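Residue strings, one per chain:
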There are 2 protein chains.
Amino acid sequence: MPKQTFFNLPEDKKERILNTAIDEFSKYYYHKASISRIVKNAGIAKGSFYQYFEDKKDLFKYLIGRAGEEKMKHFNPIMTNIDNVNFFEVVRAMYITGIRFAMENPRLQQIADNFIRDNDTRLKQEILGDNIPKSNEMFISMINKGIEKGDLDPSIDVALTASIITNLNIAISDYFIKEVKGKDYMEMMPLVDKMLYILKNGIKSKKEGEK
Amino acid sequence: MPKQTFFNLPEDKKERILNTAIDEFSKYYYHKASISRIVKNAGIAKGSFYQYFEDKKDLFKYLIGRAGEEKMKHFNPIMTNIDNVNFFEVVRAMYITGIRFAMENPRLQQIADNFIRDNDTRLKQEILGDNIPKSNEMFISMINKGIEKGDLDPSIDVALTASIITNLNIAISDYFIKEVKGKDYMEMMPLVDKMLYILKNGIKSKKEGEK
DNA sequence: CAAGCATATGACTACATAGTCATGTGACCC
DNA sequence: GGGTCACATGACTATGTAGTCATATGCTTG
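From a predicted model like this one, the values you see are computed outputs, not experimental measurements. (Residues numbered from 1 in each chain as written. Chains lettered and ligands numbered in written order. Predicted model: local features only at pLDDT ≥ 70, side-chain atom pairs only at ≥ 80, totals over all residues. Heavy atoms only, no water.)

**Q** Describe the relation of the copies chain A and chain B, naming the residues involved and giving the relevant values.
**A** Note on the identical chains: chain A maps onto chain B by a rotation of 180° and an axial translation of 0.0 Å, with an RMSD of 0.1 Å. The symmetry that links the two subunits is that of a two-fold axis. The rotation axis passes nearest to the C-alpha of Gly202 of chain A in chain A, at a distance of 1.9 Å. When the interface residues of chain A are mapped onto chain B, 100% of them again fall at the interface, so both copies present the same face. (Least-squares fit on C-alpha atoms with pLDDT ≥ 70 in both. Contact = heavy atoms within 4.5 Å.)

Take a look at the structure:
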């Protein structure tokens, strides 16, 4: 956590510092991001930085935490209905909010991306604690419920399906941002539906049987 | 390319240097990997290193190239049959060889992984040139042929499906390495088939219609 | 005015990095 | 012996980093 000194700062200064830090960590991954550059760009002294934050990790943890909170704000409303709606509706809502978040907060999305892809597992452990497996567990329980309710094919492999759904989430965000960037984000809707069609029905021709 | 001096070295010395370098780049991504550590671990002088390679990038390019060649050795036999066999057979063979490569060459796999995930696009561009889009183009042409032949549902979105198949390739390797590591790699076969089942048929329950 | 306290500062330490270069060493040939 | 050439060496340069610390500024309170 940042020191009290940081929270005591006037709002605009806090904002300026965080904004500069977000810029830095969205451009460079953790180890390459530079405190020296941050203080230079934010127009504060090196010493001041260390009056605000314990160290580099302290700042980064704080940013990751804020990004997570921001993302959760969008996801929570979906999760409350989770038991009442069709499985695919939930997945659809998740994909849509995921893309929306990425478009509305490209720098935070980039920071999260860099962080997820970072292979310094010690750093990840220190910063995330044990929040990583939770998302997968949630999917697994969702899939199990989906099978019970009759929404899903009971012969699928649950853990593998969870992994697929997670990866498709990443795939569709990537695909959309690469292919459709700049355009209105409402254009993602048909794309999400095409993705869900495939997830639901597969890609095998319906006209003839399996060879 | 490494300098001639490097290729003139006795085989065991070359081997020792490359081996140490592979170790380093599989543990750390490009910018964090250290030439100083490599020369220390390989037992050669710093100056010698620069008699063998132009610079850090030269060595890395060489390693990426070797890893690529190694991987291609496995893939090429599949690609020659590409027109004669069922679409899903090709995808199946690709997934299997992908996992096999990852298991047989964990360090090379790790280097390729680190590199793909690196977000220094300039470095990527310099090292890969324009080889990146090629793999996607190949998938797209495969999918189009699959539709023509009647293997695939013509209503799918081709580009999106290509992206899905690529991502599922990553997903299954990840999943397999996390879940099944240490065991015999033949255990991946049922997993690949479950994955293909989902890709073919989707995950929707077959008993009742869509809600 | 004076004391005290929160905040601000940038030179500095200690360390790591990639890459250079002048000097050695040893084998081979004339 | 003398010359040439390939390879070997590690001290050194230049640059970057995270983090420290003694000092200074300025606001608030008695």
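**Q** I'd like a description of the packing of aromatic side chains, backed by residues and values.
**A** Each pair of aromatic rings is reported with the distance of its centres and the angle of its planes. Enumeration over the complete set of coordinates arrives at 25 aromatic pairs over all chains. Each ring, one from Phe6 of chain A and one from Phe53 of chain A, has its centre 4.8 Å from the other, and the planes form 40°; the classification is tilted. Of this pair, Phe6 of chain A sits in helix α1 (residues 4-8) while Phe53 of chain A sits in the loop between α4 (46-52) and α5 (56-80), placing them 47 residues apart in sequence. Overall, Phe53 of chain A belongs to the buried group, its relative accessible area being 0%. With centroids separated by 5.1 Å and ring planes inclined at 75°, the aromatic side chains of Phe49 of chain A and Tyr50 of chain A adopt a geometry described as edge-to-face. What makes Tyr50 of chain A partly exposed here is its relative accessible area of 35%. Cluster of aromatic residues (ring-pair linked, three or more members): Phe6, Phe7, Phe49, Tyr50, Tyr52, Phe53 and Tyr62 of chain A. It is Lys200 of chain A that lies over the ring of Phe88 of chain A; its NZ or CZ is 5.3 Å from the centre. A cation over an aromatic ring shows up here: Arg37 of chain B above the ring of Tyr28 of chain B, its NZ or CZ 4.1 Å from the ring centre. (Phe/Tyr/Trp six-rings, centres within 6.5 Å; stacked < 30°, edge-to-face > 60°. Helix = DSSP H or I, 4+ residues; strand = E, 2+ residues; numbered from the N terminus. Buried < 20%, exposed > 50% of the residue type's maximum accessible area, 1.4 Å probe, protein only. Lys NZ or Arg CZ within 6 Å of the ring centre and 35° of its normal.)

**Q** I'd love a proper account of the interface of chain A and chain B, names of residues and values included.
**A** Tallying the contact residues gives 48 residues for chain A and 48 residues for chain B. Carbon and sulfur atoms make up 57% of the surface buried where chain A meets chain B, a total of about 4300 Å² over both sides. It is Tyr29, Leu160 and Ile203 of chain A in chain A that bury the most area against chain B; as a group they hold 17% of the surface buried on that side. Scanning the region where chain A abuts chain B turns up 2 salt bridges. With its nearest N and O atoms 3.1 Å apart, the salt bridge here joins Lys194 of chain B to Asp157 of chain A. For the interface between chain A and chain B, the tally reads 22 residue pairs in polar contact (both at pLDDT 80 or more). Elements supplying a minimum of two residues to the side of chain A that touches chain B: α6 (87-104), α7 (106-117), α10 (158-180) and α11 (188-201) of chain A. (Buried area = accessible area lost by both parts, 1.4 Å probe. Salt bridge = Lys/Arg side-chain N within 4 Å of Asp/Glu carboxyl O. Polar contact = N/O pair within 3.5 Å; in protein donor to acceptor, adjacent residues only side chain to side chain.)

**Q** Give a description of the protein's contact with DNA strand D that names residues and reports values.
**A** Taken together, 19 residues form the shell around DNA strand D, and within it Lys13, Gly47, Ser48, Gln51 and Tyr52 of chain B come nearest. For DNA strand D, the backbone portion of the atoms within 4 Å of the protein, that is sugar and phosphate, comes to 53%. Between a phosphate oxygen of DNA strand D and a main-chain N or O atom of Ala33 of chain A, the distance comes to 3.2 Å. The separation between a base nitrogen of DNA strand D and a polar side-chain atom of Gln51 of chain B is 2.5 Å. Elements with a minimum of two residues in the surface near DNA strand D: α3 (35-42) and α4 of chain A together with α1 (4-8) and α4 (46-52) of chain B. Ranked by the residues each element gives to the surface near DNA strand D, the list is headed by α4 of chain B, at 5 residues. Taken together, the residues of the surface near DNA strand D sort by class into 6 nonpolar, 8 polar and 5 charged. (Near = heavy atom within 4 Å. Nonpolar A, V, L, I, M, F, W, Y, C, P; charged D, E, K, R; others polar.)

**Q** Let's hear about the protein's contact with DNA strand C: which residues, and what values?
**A** Contacts to DNA strand C come from 20 residues, most closely from Lys13, Gly47, Ser48, Gln51 and Tyr52 of chain A. In DNA strand C, atoms within 4 Å of the protein come 51% from sugar and phosphate. In the environment of DNA strand C, a phosphate oxygen lies 3.3 Å from a nitrogen or oxygen atom belonging to the backbone of Ser36 of chain B. For the surface near DNA strand C, the secondary structure elements donating two or more residues are α1 and α4 of chain A together with α3 (35-42) and α4 of chain B. With 5 residues, the single largest contributor to the surface near DNA strand C is α4 of chain A. Looking at the surface near DNA strand C residue by residue, the classes come out as 6 nonpolar, 8 polar and 6 charged.

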